[in-house]
Amino acid sequence: MDNYIVNTYRRLPVAFSKGDGCWLYDNSDNKYLDALSGIAVCGLGHSHPKFCRALCNQVNRLIHTSNLYQIDNQTILAEKLCNSSGMEGVFFCNSGAEANEAAIKTARLFGHNKGIKNPNIICTNKSFHGRTIATLTATGNPKIKNGFDPLPAGFKHVDYSDTNAIITAIDDETVAVMVEPVQGEGGVNIPATDYLQQIRDICSENEILMIVDEVQTGIGRTGKMFAFQNSDITPDIMTLAKGLGNGVPIGCCLVNNLATEILQPGTHGSTFGGNPLACRAGISVLEIIEEENILENVTKVSAYINKSLTNTFADVKEVVAIRNTGMMIGMEMSFACAEIVGIALNNGLLINVTADKVIRLLPPLIMTEAEAGILTEKLTKSIEQLIANKK
Ligand SMILES: Cc1ncc(COP(=O)(O)O)c(C=O)c1O
């Protein structure tokens, strides 16, 4: 079918031609409940009327000028992001990996400014930070790195949710600790409640940067605008992408405290980063989240989904654990379960599997309780079929 496309994805045999809220329609007009949101991207669902109007207006007016000039939409979006996060500045790019590249470059430059020749960054096992050479090196998953040696030096890995390991790993050349507030690709791994607070303390004591990768958790996914706001901290660097553009490619790296003045003219850049169209998308997403009280909806509907799944699967031995924070839900099975993605597709439900055994749900943030009811029904049926197939 895709003779001219480089074969990097194992794609499902379905193509969608339109979307409406939490629903996608294939080329034969079959309807699917989207419980994945384009992998945590379309938080406002598909074809949100106000979002679409904002984009159409912007397309008709101006799409791109370049960072050689002032960009009003960039200024507006940066101010909104800083006001809602407590950060001090924003660098705009186009994806999560690029946002993390900016974070890594900032941390290295911060180190060099202090006279550190070979700066290192402490990352975690089972993390995911992207697929560029630096971000796959930061990623704590050998499968993502295999075949891409030689990898750059300057990254150490410790177990997630283990702050003693961070303390042990810090040396004179450590410049930053980089973590996801919840590991998404790693299996929806939720750390101890004081994990971020402890990392904040460790970083402050050692005058190193705390980098939070909120590419997946940011923009309302956990019920707060940013997942770090579930703790009483502010990081030095935060990266965003996915949900910020609701499908329009945009990423950014926000800086604070010791990280604020590090990037200077000539040190970093991006042709497309923060163009008028992408920033208009970001502005519109933030406006709609506020106007429609979407964070409250996340908390309410996520509690409904969690309760329903917990009740249904309490006595099902194949379901080892259900992990949930906002609209980020992982069901760990006792066996590798990639097969369920096709089963669910046949039942009109879009989900995925990560870390081999974890069924992952990332529903649109706008999902209603009625739709969440359909979601849990379809998922329950799919898991029953999966378990029956194994017997
Ligand atoms: C936490 C995290 N960081 C970075 C990335 C990479 O983002 P992108 O695919 O936009 O480069 C992802 C993508 O899944 C992610 O989940």
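Shown above is the structure to which this text applies.
This write-up is about the structure you can find in this document. These numbers come from a predicted model, not from an experiment. (Residues numbered from 1 in each chain as written. Predicted model: local features only at pLDDT ≥ 70, side-chain atom pairs only at ≥ 80, totals over all residues. Heavy atoms only, no water.)

## Regarding the nonpolar core
Ranked by size, the top nonpolar core spans 81 residues in total, and within it Leu 81 and Ile 359 carry the most contacts. Broken down by element, the residue count for this core peaks at 9 residues, all from helix H9 (residues 276–291). No fewer than three residues from each of domain 1 (16–34 + 293–390) and domain 2 (50–291) sit in this core. Apart from residues lying up to four places away in sequence, Leu 81 is in contact with Val 90, Phe 92, Phe 226, Leu 240, Leu 244, Cys 252, Leu 254 and Leu 286. One finds Cys 93, Ala 102, Phe 155 and Cys 253 within the second-largest nonpolar core, a separate group that totals 24 residues. (Core = buried A, V, L, I, M, F, W, Y, C linked by side-chain atoms within 4.5 Å. Buried < 20%, exposed > 50% of the residue type's maximum accessible area, 1.4 Å probe, protein only. Helix = DSSP H or I, 4+ residues; strand = E, 2+ residues; numbered from the N terminus. Domains from an automatic or database assignment. Contact = heavy atoms within 4.5 Å.)

## Regarding the site of the ligand
Looking at the ligand, there are 13 residues lining it, with Gly 96, Ala 97, Asp 213, Gln 216 and Lys 242 nearest. Separating an oxygen atom of the ligand from a backbone N or O atom of Gly 96 is a distance of 2.8 Å. When the ligand sits alone it has 390 Å² of accessible area, and the protein chains cover 81% of it. The element best represented in the shell around the ligand is helix H4 (residues 96–113), accounting for 3 residues. Tallied by class, residues from the shell around the ligand come to 3 nonpolar, 6 polar and 4 charged. (Near = heavy atom within 4 Å. Polar contact = N/O pair within 3.5 Å; in protein donor to acceptor, adjacent residues only side chain to side chain. Areas by Shrake-Rupley, 256 points an atom, 1.4 Å probe, with all protein chains shown as cover. Nonpolar A, V, L, I, M, F, W, Y, C, P; charged D, E, K, R; others polar.)

## Let's talk about the packing of helix H10 (residues 294–313) against helix H12 (residues 369–390)
As a packed pair, H10 and H12 sit with axes 10 Å apart at the nearest point and diverge in direction by 30°. Our classification of the angle between H10 and H12 gives roughly parallel. In terms of crossing hand, the pair formed by H10 and H12 is right-handed. On the side of H10, the interface is formed by Lys 300, Val 301, Tyr 304, Ile 305, Ser 308, Leu 309, Thr 312 and Phe 313, while H12 contributes Glu 369, Ala 372, Gly 373, Leu 375, Thr 376, Leu 379, Thr 380 and Ile 383. Taken together, the residues of the contact of H10 with H12 break down into 9 nonpolar, 5 polar and 2 charged. (Axes fitted to C-alpha atoms, helices over the stretch in contact; angles between N-to-C directions. Parallel < 35°, antiparallel > 145°, perpendicular 65-115°, else oblique. Left-handed = near helix turned anticlockwise from the far one by under 90°.)

## Structural notes on the sheet that holds strand E12 (residues 328–333)
Read across the open sheet, the 4 strands follow the order E11-E12-E15-E14; overall the sheet is antiparallel. Looking at the sheet topology across the chains shown, the edges are occupied by strand E11 (319–325) and strand E14 (352–354). The mean inter-strand angle of the sheet, taken between neighbouring strand axes irrespective of direction, is 25°. Where E11 meets E12, 6 bridges bridge the pair, whose relative direction is antiparallel. Within E12, the position partnered with Arg 323 by the bridge is Gly 330. The sheet contacts of H12 involve E12 and strand E15 (358–361), and relative to E12 the element is tilted by about 20°. (Pairing = 2+ DSSP bridges.)

## A few points about unusual backbone geometry
Note that the residue after Asp 149, namely Pro 150, is joined by a cis bond; omega there is 0°. The phi dihedral of Ala 40 falls on the positive side, at around 65°, and the residue is not glycine. Looking at where Ala 40 falls in the secondary structure, it is placed in helix H1 (residues 37–40). With a phi angle near 55°, Ser 47 is a residue other than glycine that sits in the positive phi range. Structurally, Ser 47 is set in the loop between H1 and helix H2 (49–61). Relative accessible area serves as the criterion here: at 44%, Ser 47 is assigned to the partly exposed category.

## Side note on the packing of aromatic side chains
Scanning all chains against the criterion turns up 3 aromatic pairs. Judged by centre distance (5.2 Å) and plane angle (75°), the rings of Tyr 160 and Tyr 195 are edge-to-face. Here the residue Tyr 160 occupies a position in the loop between strand E6 (155–158) and helix H7 (163–169), and Tyr 195 occupies one in helix H8 (residues 195–206), the gap between them amounting to 35 residues. The same class applies to Tyr 160 as to Tyr 195, namely buried. Between Phe 226 and Phe 228 the ring centres are 6.1 Å apart and the planes differ by 5°, which places this aromatic pair in the stacked class. Pair check on accessibility: Phe 226 and Phe 228 agree, each one buried. (Phe/Tyr/Trp six-rings, centres within 6.5 Å; stacked < 30°, edge-to-face > 60°.)

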